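Next come the chains, spelled out residue by residue.
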Amino acid sequence: MSWFARMSGVNEPLVARMREFGTTVFAEMTALAVRTGSINLGQGFPDTDGPEGMLERAVEAIRAGVNQYPPGPGVPELRQAVCEHRKEHYGLLYDPDGEVLVTVGATEALAASVLALCEPGDEVVVFEPYYDSYAAAIALAGAVRRPVTLRPDGGRFTFDPGELRAAVGPRTRAVMVNSPHNPTGTVFTREELSAIAAVCQERDLVAISDEVYEHLVYDGVEHVPLASLPGMRERTIMISSVGKTFSVTGWKTGWLCAPAELVSAVQRVKQYLTFTSGGPWQLAAAYALRHELGWVEGLRAALAGKRDRLIAGLDAAGFTTFRPAGTYFVQADIRPLGLTDGMELTRRLPELIGVVAVPTQVFYDRPEQGRRFIRFAFCKRDEIIDEAVGRLAGLRREIG
Ligand SMILES: *Cc1c(COP(=O)(O)O)cnc(C)c1O
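Procedures and definitions
- Residues numbered from 1 in each chain as written.
- Predicted model: local features only at pLDDT ≥ 70, side-chain atom pairs only at ≥ 80, totals over all residues.
- Heavy atoms only, no water.
- 1 Å grid on protein atoms, 1.4 Å probe; cavity = no way out; pocket = protein on both sides within 12 Å on 5 of 7 lines; lining within 4 Å.
- Points joined across faces, edges and corners; volume = space filled by probe spheres on them.
- Helix = DSSP H or I, 4+ residues; strand = E, 2+ residues; numbered from the N terminus.
- Near = heavy atom within 4 Å.
- Polar contact = N/O pair within 3.5 Å; in protein donor to acceptor, adjacent residues only side chain to side chain.
- Areas by Shrake-Rupley, 256 points an atom, 1.4 Å probe, with all protein chains shown as cover.
- Nonpolar A, V, L, I, M, F, W, Y, C, P; charged D, E, K, R; others polar.
- Axes fitted to C-alpha atoms, helices over the stretch in contact; angles between N-to-C directions.
- Parallel < 35°, antiparallel > 145°, perpendicular 65-115°, else oblique.
- Contact = heavy atoms within 4.5 Å.
- Pairing = 2+ DSSP bridges.
- Core = buried A, V, L, I, M, F, W, Y, C linked by side-chain atoms within 4.5 Å.
- Buried < 20%, exposed > 50% of the residue type's maximum accessible area, 1.4 Å probe, protein only.

Trainee: An account of empty space enclosed by the protein is needed here, citing residue identities and associated values.
Mentor: Inspection of the entire model under this criterion finds 2 cavities of 30 Å³ or more. As a volume, the largest cavity reaches approximately 40 Å³. Taken together, Val126, Phe127, Pro129, Tyr130, Tyr131, Tyr134, Met176, Asn178, His181 and Asn182 make up the lining of the largest cavity. Elements represented by at least two residues in the lining of the largest cavity include exactly β3 (123-128) and β7 (172-178).

Quick look at the structure:
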């Protein structure tokens with residue numbers, strides 16, 4: 001018997017509401033990649049650095065002594081830069097004093113929002129497959145997920161507005177929206193966002209809008225922020241971060257914009273989670289938003305090319321692929337290979353051909369909805385993608 005079990009009479013130290021969350025599939029797949037020397041197209045982080053000027057700004061800030069607690073809402077330069085960016089790109093006006101909150105990545109913005117808004121037993125609508133931290137944030141709040149499934153339709157993943165409406169009940173408090181969407185690569189159209197907006201307004205819901213891939217959209221597709229739709233600014237928490245836009249996922253510096261009442265509620269929670277986030281990264285993020293969006297244009301073009309390279313390889317290997325309009329990810333349907341279970345395939349893939357992917361089914365409340373899909377990340381150097389494509393070419397032979 002462990003010391004904990006002796007002391008408490010309970011076998012498991014972890015609280016019940018978090019027990020459904022085991023070690024993430026990313027940890028399992030990364031360990032498998034290391035053990036087998038595989039190419040890891042499982043985890044979505046870039047293998048090249050962000051813009052030099054931005055990196056330099058962080059170093060300078062540390063050397064200049066920006067090393068003590070920044071203000072709780074975030075350093076003024078970053079709050080100002082975020083507001084300028086929102087205005088310039090989307091015509092959305094936010095007040096840097098009171099309508100912006102800097103967070104420890106988008107992840108903290110999401111968790112603090114759910115914790116601030118939901119009483120135990122309240123419900124939150126999520127589109128499945130969803131980013132894994134959504135489910136955990138909802139569970140931490142003691143709230144309940146109401147999933148709406150995104151399904152393939154015309155080569156992309158989308159939802160049925162009727163299902164969305166049916167998922168909302170008297171205890172529904174919020175809907176979590178992610179566009180551009182991880183892991184399907186869907187960028188919601190204005191029509192899709194309008195359907196979400198209509199439900200939010202009819203049922204008086206808050207929209208928690210995760211837009212971390214706002215700049216990573218391809219083929220001229222436009223990212224439309226949910227808050228820019230009529231009647232939505234007043235009920236939307238718009239979230240983004242420096243990680244994906246500027247290829248620094250390790251910096252964990254994010255922000256949210258919302259009406260003052262909502263920001264103040266979220267800040268009440270955030271101040272006791274982390275109080276504030278790293279000062280040097282905040283200054284560098286402000287610099288990047290003001291001076292490095294040209295660099296992001298180059299990143300976007302490069303990623304579109306990487307996407308096409310990987311898709312060509314996956315198609316040649318026998319998968320059916322879904323060309324993403326945004327994000328780092330492509331979904332591949334495994335059924336044309338005569339297979340049905342993505343979990344089984346992703347566990348075998350490293351041994352078979354030395355490539356790691358992620359089973360999409362782990363992002364669902366109803367895993368059967370996503371059993372046939374696996375997710376590949378293409379935010380890697382071209383030579384890595386080419387090597388993966390070469391290995392994938394042997395897949396059909398290996399599975400026999
Ligand atoms: C990467 C990612 C996040 C996390 O962003 P951080 O700024 O690193 O916390 C949130 N949502 C989605 C959809 C992501 O892909």
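Trainee: Give me the site of the ligand: which residues, what numbers.
Mentor: In the vicinity of the ligand, the residues found are Gly105, Ala106, Thr107, Tyr131, Asn178, Asn182, Asp210, Val212, Tyr213, Ser241, Lys244 and Lys252. Here an oxygen atom of the ligand sits 2.7 Å away from a polar atom, N or O, in the side chain of Lys252. Expressed as a share of its isolated accessible area of 390 Å², the protein-covered part of the ligand is 94%. Counting residues per element, the shell around the ligand draws most heavily on helix α5 (residues 105-117), which supplies 3 residues. When grouped by side-chain class, the residues that make up the shell around the ligand number 4 nonpolar, 5 polar and 3 charged.

Trainee: For the packing of helix α12 (residues 293-317) against helix α14 (residues 382-392), give the residues involved together with the corresponding values.
Mentor: The contact between α12 and α14 brings their axes to 9 Å, and the two run at 5°. Considering the angle they form, α12 stands roughly parallel to α14. Seen from α12, the contacting residues are Lys306, Arg309, Leu310, Gly313, Leu314 and Ala317; seen from α14, they are Asp382, Ile385, Asp386, Val389 and Leu392. When its residues are assigned to classes, the contact of α12 with α14 shows 6 nonpolar, 1 polar and 4 charged.

Trainee: Quick rundown of the sheet that holds strand β11 (residues 320-322)? Include the residues and the values.
Mentor: If you trace the 4 strands from one edge of the open sheet to the other, you get β11-β12-β15-β14, paired in antiparallel fashion. Two strands bound the open sheet, and with one partner strand each, they are β11 and β14 (358-359). Taken together, the 5 bridges between strand β12 (residues 329-333) and strand β15 (residues 373-377) define a ladder with antiparallel strand orientation. Its bridge partner being in β15, Ala332 is matched across the sheet by Ile374. Packing of helix α13 (residues 342-353) onto the sheet brings it into contact with β14 and β15, and relative to β15 it is tilted by some 45°.

Trainee: So, the nonpolar core: which residues are in play, and what are the values?
Mentor: Counting 66 residues, the largest nonpolar core has Met176, Ile237, Phe319, Ile374 and Phe376 as its most contacted members. Once residues within four sequence positions are removed from consideration, Met176 is found in contact with Leu110, Val114, Val124, Val125, Val126, Phe127, Tyr134, Ile138 and Ile208. Among the nonpolar cores identified, the runner-up in size contains 30 residues, and Leu92, Ala227, Trp255 and Ala288 belong to it.

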